[in-house]
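# An overview of the molecular structure
In case you want the letters, here they are:
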Amino acid sequence: MGEKPLDSGIPPSRETLTAEMTQTAFQRRVVTHLNPDEVLERAIAFFSTRGYRAGRTGRPNQVYVIGKREGVLPRVTAEILVQPNVGRRRATLVTVSGFGPQLREHLAAFVQELRRERRLS
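So, here is what we can say about the structure in this document. Remember, it's a predicted structure, so these values are computed and weren't measured experimentally. (Residues numbered from 1 in each chain as written. Predicted model: local features only at pLDDT ≥ 70, side-chain atom pairs only at ≥ 80, totals over all residues. Heavy atoms only, no water.)

Scanning all chains against the criterion turns up 4 salt bridges. Shared partners join several salt bridges into a network, and the residues in it are Asp37, Glu41 and Arg56. (Salt bridge = Lys/Arg side-chain N within 4 Å of Asp/Glu carboxyl O.)

What follows deals with the sheet that holds strand β4 (residues 76-86). With antiparallel pairing, the 5 strands of this open sheet are ordered in space as β1-β5-β4-β3-β2. With partners counted over all chains shown, the strands left at the sheet margins are β1 (25-32) and β2 (53-56), one partner each. Strand after strand, the sheet turns through a mean of 15° between neighbouring axes, direction not considered. Alignment of β4 against strand β5 (residues 91-99), held across 7 bridges, turns out to be antiparallel. When the bridges of β5 are listed, Gln83 appears paired with Leu93. Contacts from helix α3 (residues 101-120) reach β1, β3 (62-67), β4 and β5 within the one sheet, and its direction differs from that of β1 by about 15°. (Pairing = 2+ DSSP bridges. Helix = DSSP H or I, 4+ residues; strand = E, 2+ residues; numbered from the N terminus. Axes fitted to C-alpha atoms, helices over the stretch in contact; angles between N-to-C directions. Contact = heavy atoms within 4.5 Å.)

Close contact between helix α2 (residues 36-48) and α3 brings their axes to 11 Å; oriented N to C, the two are set at 140°. In this view, α2 runs oblique relative to α3, as classed from their interaxial angle. Taken as a pair, α2 and α3 cross one another with a handedness that is right-handed. Contact with α2, carried on its side by Val39, Arg42, Ala43, Phe46 and Phe47, involves Leu103, His106, Leu107, Ala109, Phe110, Glu113 and Glu117 of α3 and no other residues of that element. The residue inventory of the contact of α2 with α3, partitioned by class, reads 8 nonpolar, 1 polar and 3 charged. (Parallel < 35°, antiparallel > 145°, perpendicular 65-115°, else oblique. Left-handed = near helix turned anticlockwise from the far one by under 90°. Nonpolar A, V, L, I, M, F, W, Y, C, P; charged D, E, K, R; others polar.)

Over its 13 residues, α2 extends 18 Å from the first C-alpha to the last, a length consistent with the 18 Å expected when each residue adds 1.5 Å. Of the positions making up α2, those classed as buried are Pro36, Val39, Leu40, Ala43, Ile44, Phe46 and Phe47. Down the axis, α2 shows its buried residues gathered within 165° of arc, on one side only. Tucked into the core, α2 has its buried residues touching β1, β2, β3, β4, β5 and α3. (Expected span 1.5 Å × (residues − 1). Buried < 20%, exposed > 50% of the residue type's maximum accessible area, 1.4 Å probe, protein only. Arc of directions from axis to C-beta.)

This is the structure:
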């Protein structure tokens, strides 16, 4: 009903959408020594420069990422959640999850950026 039809004029079935979401799902956790607010601000800037809408949610320590159509999916989404003061070293745990063919690649790049920075410090 609210779905945009594909080029063939037939909207994809729910099973097709579910299969695509499952196939392009991305879930990772990263430990960093950055401040939780700094991680969230970096995430917003990172995804905004790549053409996604990103911002803080109504819940504390959480960012949403929303994108337009990618493949058969009419919309792609992701969330980034931070948990401060984890473990003895009081690190920040960052949980990144989302789905979408191109968004998956950008989420992986964001995780790699956090890991690369952790190794340098």
